[in-house]
Amino acid sequence: MTNPATPKTFTLVITGAPYSSQAPQSALHFARAALEQGHSIDRVFLYGDGVHLASSLATPPSDETNWSQVWAEFLEHHGIPGVACIASALRRGLVDEKEQARYELASENLRSPFTIAGLGEWVEGQTRSFRTLYFHAGD
Amino acid sequence: MTNPATPKTFTLVITGAPYSSQAPQSALHFARAALEQGHSIDRVFLYGDGVHLASSLATPPSDETNWSQVWAEFLEHHGIPGVACIASALRRGLVDEKEQARYELASENLRSPFTIAGLGEWVEGQTRSFRTLYFHAGD
Amino acid sequence: MTAFHTLHILNKTPDHPRFSECLGTLGTDDALILTENGVLALATEINLKTSRIYALTPDVEARGMAGTTRNSILVDYPEMVDLTLQAQRVISW
Amino acid sequence: MTAFHTLHILNKTPDHPRFSECLGTLGTDDALILTENGVLALATEINLKTSRIYALTPDVEARGMAGTTRNSILVDYPEMVDLTLQAQRVISW
Amino acid sequence: METLVIIDQPPYGSWTGREALDMAFALAAFDQTASLLFSGAGVNWLRNRQITDAIGQKSVEKNLSAAPVFGISAILADASACRRYGLGPQDLPDGVVLTEMDAKLLARYSHTVFAG
Amino acid sequence: METLVIIDQPPYGSWTGREALDMAFALAAFDQTASLLFSGAGVNWLRNRQITDAIGQKSVEKNLSAAPVFGISAILADASACRRYGLGPQDLPDGVVLTEMDAKLLARYSHTVFAG
């Protein structure tokens, strides 16, 4: 039996987009609770529509939470890597400077500290973490 | 009774994103068939997740269709307005130069000839068109 | 040309809640066109509650359903355009 | 602390096909936690097929379900974190 | 010409319902007749005492109660969906009319739309 | 440690199934044991003669047939979902194993994942 008091490591995978699903919000609440209890988060991996969370251009109305910004601040503050799957990201128009140059695109829109990398990052997270939890869209 | 031979006007509303749903593809096939039969398309309105179709940064693998690009070329070629709903677009990180300046964002990512405007464009399309058809995500 | 009241465009699988919502509102003079994932309904034994069932050929073929079209009438996109004009109203589910 | 085999995290309404898929795989030693839209199941008469049902308080309250929690145990996020660690495995539906 | 906007998704789990409400409000703002129908799991919009602080979203109750002010002509709820989700007539906000979502209902509207 | 990747969405209507397949392939590529389970409407991945030219997408049949080559250890299909969608054992591609999706099946895997 696992003793919940022992600090454990989580990898969180977010597959639902902000302003479309509740997934990024639920994942953030979970992540905060895990850290407060002394656990650690190895990484946050964005997959499928979840990559939109890493957009630097999301501009919700001023009376709504900017989930991309809040997530970025959380990752930055705690030094947790946030990685968007490169295949999901490129198809959905989320690119960093490197991909911008490679595909000769007019701009980039990846919000720091998110990075773009392959599914190997997800596999590594799963093998290194005690728990890998998924936050999918609810519809 | 309607005589299908008489040219009619359509407004098409796309609410499903490319690389997530089939909606933009089905809408394009429908639009092409309508024009070939001599009908016209008043406008194409992107709503909800459908606004991602207007991204200038979508970069699918080279052996897959770039639906944003194909749609943009179709609109350009036939002089059909393509309008992304401003509220949907801003939340989801799709912005033009004007919104970039207004919100002091680092870049813009709207693909020409798409424009960004309010739901009034949808209402106008519906009132001016013989048929307004919706292309939603299928899951 | 058959005249009908409402054309229901259904692009969801039979497992999606909107599928049964759609079937529940089919009127006696209505027609149903199955598109995208909707064509998979033809592989099941679900009662589609109308005899005027169309299915979009490109979606039928993509899903390997060419031999499983039950009592539906296969249409291409130009014919679908016609159907949307013949109906008095169109609802996209 | 109760020990259990699998913790099933279910965030879909009872009308979503994955809801019944999840219930169909609940083992006798499993627990279910309802989150997001999943908490709406507590407003229905659906048999949830396990007696170990948790529901996430913030989602219950947001949906106006505070008075309709049936036989579920309300948990907050820290308790949910514990539950994911007590289980031998976790499945997010 | 009258448009029926159908909301069949519950609030908070997705944005579709909010975006449907915006469509109805836009129609009304441009002097088009618009009504709302809550069906399926969407009837959960009508539950009272939605306390959303802990999930970081604004409650949709206020949006919905503004519907008559914005000129929405009727707010309908599918009776069988309400029964399924344990919502009795006394649980519904003022002005919501219970109805059956069927061919006869939809035949009253020239346009029937979903937001997604 | 073995991961079961479940595909419960049919192909072409959404990308979720493709992205699930990529997850399984990535696990195999990094020497993790991975199996695929097709359930619900996802069993429609297994239908043969998918002719996709007219919808402008690549057929997924080739991707799926590459699974053993990429090191996927088993391809399972839920028997009751196959029955619902009219797929008999003779209709399934070689190597697909009919099973029942139940607690006993899932208990065999340390991780069970969906792509979305």
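To be clear, the structure that these remarks concern was listed above.
Not measured: the values here are computed from a predicted model.

### Let's talk about the overall build of chain C
Along its length, chain C carries three helices and five strands. In sequence order, the secondary structure elements of chain C are arranged as β-α-β-β-α-β-α-β. What you see for chain C is a C-alpha radius of gyration of 12 Å, in line with the 12 Å of a compact globule of 93 residues. The dimensions of chain C, computed from C-alpha atoms along their principal axes, are 30 × 25 × 20 Å. For chain C, buried positions account for 72% of its 93 residues.

### Concerning the overall build of chain E
Helix and strand counts for chain E come out as four helices and five strands. The order of α-helices and β-strands along chain E, N terminus first, is β-α-β-α-β-α-β-α-β. Taking 2.2 N^0.38 as the reference for a compact globule, 116 residues should give roughly 13 Å; the C-alpha atoms of chain E span a radius of gyration of 13 Å, in line with that estimate. Based on the C-alpha atoms only, the size of chain E along its principal axes is roughly 40 × 30 × 25 Å.

### Quick notes on the pattern of salt bridges
Per the counting criterion, the structure on display carries 26 salt bridges over all chains. One salt bridge connects Arg91(B) with Glu64(A), and the closest N-O pair in it is separated by 2.7 Å. Taken together, the residues Arg91(B) in helix 3 (residues 86-91) and Glu64(A) in the loop between strand 2 (40-46) and helix 2 (67-78) connect one chain to another. What makes Glu64(A) buried here is its relative accessible area of 16%. Across the salt bridge formed by Asp8(F) and Arg18(D), the nearest N and O atoms sit 2.8 Å from each other. Remark: Arg18(D) occurs in helix 1 (residues 17-24) and Asp8(F) occurs in the loop between strand 1 (2-7) and helix 1 (16-29); the pair is interchain, linking two chains. Each member of the pair Asp8(F) and Arg18(D) is classed as buried.

### Details of the nonpolar core
Trp122(B), Leu34(D), Leu48(D), Leu36(E), Phe38(E) and Ile72(E) are the most contacted members of the largest nonpolar core, which totals 73 residues. Look past the residues within four positions of Trp122(B) in its chain and what remains in contact with it is Val13(B), Phe45(B), Thr132(B), Tyr134(B), Met23(E) and Leu27(E). If you look at the next biggest cluster of nonpolar residues, it comprises 72 residues, including Tyr134(A), Leu48(C), Val60(C) and Ala41(F).

### Focus: the environment of Glu121(B)
Residue and element names in this part refer to chain B. By the element assignment, glutamate 121 lies in helix 5 (residues 120-128). Contact partners of glutamate 121, with chain neighbours within four places excluded, come to Arg43, Phe45 and Val83. At 2.8 Å, the side chain of glutamate 121 forms a polar contact with the side chain of arginine 43.

### Quick notes on the interface of chain D and chain A
On the side of chain A, 22 residues touch chain D, which itself brings 24 residues to the contact. Across the interface of chain D and chain A, roughly 1,900 Å² is buried in total on both sides, 58% from carbon and sulfur atoms. Our enumeration of links across chain D and chain A arrives at zero salt bridges. Broken down by secondary-structure element, the contributors of at least two residues to the side of chain D that touches chain A are helix 3 (77-86) and strand 5 (89-92) of chain D. The element contributing the most residues to the side of chain D that touches chain A is helix 3 of chain D, with eight residues. For the side of chain D that touches chain A, the residue count by class is ten nonpolar, seven polar and seven charged.

### Quick look at the interface of chain B and chain E
A common way to state how big an interface is: give the accessible area lost once the parts meet. Contacts between the two partners involve 14 residues from chain B and, on the opposite side, 15 residues from chain E. Of the roughly 1,300 Å² buried between chain B and chain E, counting both surfaces, carbon and sulfur atoms make up 66%. Looking only at chain B, the three residues that lose the most surface to chain E are Tyr47(B), Trp122(B) and Gln126(B), adding up to 36% of its buried area. The interface formed by chain B and chain E contains one salt bridge. Of the charged contacts, one joins Glu19(E) and Arg92(B) as a salt bridge, the two residues approaching to 3.0 Å between their closest N and O atoms. Linking chain B to chain E there are four residue pairs in polar contact (both at pLDDT 80 or more). Elements supplying a minimum of two residues to the side of chain B that touches chain E: helix 3 and helix 5 of chain B. Sorting elements by how many residues they give to the side of chain B that touches chain E places helix 5 of chain B first, with five residues. Here the side of chain B that touches chain E is composed, by residue class, of five nonpolar, seven polar and two charged.

### Some details on the sheet that holds strand 1 (residues 6-10) of chain C
All names here are of chain C. Within the open sheet, the five strands sit side by side as 4-3-2-1-5. Their pairing is parallel. Both outer strands of the open sheet, strand 4 (73-75) and strand 5 (89-92), are each paired with one neighbouring strand and no more. Taken pair by pair, the neighbouring strands of this sheet meet at an average axis angle of 25°, ignoring direction. Against the sheet, helix 1 (residues 17-24) engages strand 1 and strand 2 (31-34), with an angle of about 165° to strand 1.

The rules behind these values
Residues numbered from 1 in each chain as written. Chains lettered and ligands numbered in written order. Predicted model: local features only at pLDDT ≥ 70, side-chain atom pairs only at ≥ 80, totals over all residues. Heavy atoms only, no water. Helix = DSSP H or I, 4+ residues; strand = E, 2+ residues; numbered from the N terminus. Rg over C-alpha atoms; globule rule 2.2 N^0.38 Å. Buried < 20%, exposed > 50% of the residue type's maximum accessible area, 1.4 Å probe, protein only. Salt bridge = Lys/Arg side-chain N within 4 Å of Asp/Glu carboxyl O. Core = buried A, V, L, I, M, F, W, Y, C linked by side-chain atoms within 4.5 Å. Contact = heavy atoms within 4.5 Å. Polar contact = N/O pair within 3.5 Å; in protein donor to acceptor, adjacent residues only side chain to side chain. Buried area = accessible area lost by both parts, 1.4 Å probe. Nonpolar A, V, L, I, M, F, W, Y, C, P; charged D, E, K, R; others polar. Pairing = 2+ DSSP bridges. Axes fitted to C-alpha atoms, helices over the stretch in contact; angles between N-to-C directions.

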